[in-house]
Amino acid sequence: MTNTANSPVAIVMGSDSDLSVMKSCVEQLREFSIEPEVRVISAHRTPEVADDFAANAASSGKKVIIAAAGMAAHLAGAMAARSTLPVIGVPLAAGDGPNGLDALLSTVQMPPGVPVATMGIGKAGAKNAAILAVQILATADTELAGKMAEFKETQKKKVIEKDAAVSV
Ligand code: RP5
């Protein structure tokens, strides 16, 4: 197994039940040759671990923290409270609640001074979290910036091809 403790990107999630959705975040990062450190850390069930991880993330070489959780999702906020790093939050649908709206509001409604860049709910948000993390890293990495430009170009070409091929 690769040692990812020195990776510039951490993905923390509240439960292993979040992994099926967060795999798309991992896969998207891998497309940019970034292998993230992936951890299951709960703001509510393992608050000491969450606090310790956030407090030490910057000094251990992390540049961005992606935090994903469902229900009353406080993980991203807990990371932002204890770290100076940019924190990207991914709200997830979990439990019998309102399909992730609970997690979205818990993640996005941070008090002034403690921002969490909150993505959309679920898989699209997980993928966008990876892309935003790459964009943040790319501000100080020209090679990565080039890969991001390529990514955008490929995406554009795909839509133009679909436009040309569309028939009803
Ligand atoms: C949250 O509670 C987790 O992020 C997960 O989305 C949800 C349910 O967790 P499990 O009961 O499946 O462990 O903290």
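Anyway, here's the lowdown on the structure attached to this text.

The rules behind each value
- Residues numbered from 1 in each chain as written.
- Predicted model: local features only at pLDDT ≥ 70, side-chain atom pairs only at ≥ 80, totals over all residues.
- Heavy atoms only, no water.
- Axes fitted to C-alpha atoms, helices over the stretch in contact; angles between N-to-C directions.
- Helix = DSSP H or I, 4+ residues; strand = E, 2+ residues; numbered from the N terminus.
- Parallel < 35°, antiparallel > 145°, perpendicular 65-115°, else oblique.
- Left-handed = near helix turned anticlockwise from the far one by under 90°.
- Contact = heavy atoms within 4.5 Å.
- Nonpolar A, V, L, I, M, F, W, Y, C, P; charged D, E, K, R; others polar.
- Pairing = 2+ DSSP bridges.

## Considerations on the packing of helix α5 (residues 123–138) against helix α6 (residues 142–165)
Then, number 1: Running from amino to carboxyl end, α5 crosses α6 at an angle of 140°, the nearest separation of the two axes being 8 Å. Compared by their axis directions, α5 and α6 come out oblique. Taken as a pair, α5 and α6 cross one another with a handedness that is left-handed. Contact with α5, carried on its side by Ile-131, Val-134, Gln-135, Leu-137 and Ala-138, involves Leu-144, Ala-145, Met-148, Phe-151 and Lys-152 of α6 and no other residues of that element.
Then, number 2: Each residue belonging to the contact of α5 with α6 can be placed in one class, and the counts come to eight nonpolar, one polar and one charged.

## Concerning the sheet that holds strand β5 (residues 117–118)
Then, number 1: Within the open sheet, the five strands sit side by side as β2-β1-β3-β4-β5. Their pairing is parallel. The open sheet has two edge strands with one neighbour each: β2 (37–40) and β5.
Then, number 2: By the bridge criterion, six bridges tie strand β3 (residues 64–70) to strand β4 (residues 87–92) in an arrangement that is parallel. The residue of β4 that forms the bridge with Gly-70 is Leu-92.
Then, number 3: Its contacts with the sheet put helix α2 (residues 47–57) on β1 (9–13), β2 and β3, and the angle it makes with β2 is roughly 155°.
Then, number 4: Docked against the sheet, helix α4 (residues 101–108) engages β3, β4 and β5, running at close to 160° with respect to β4.

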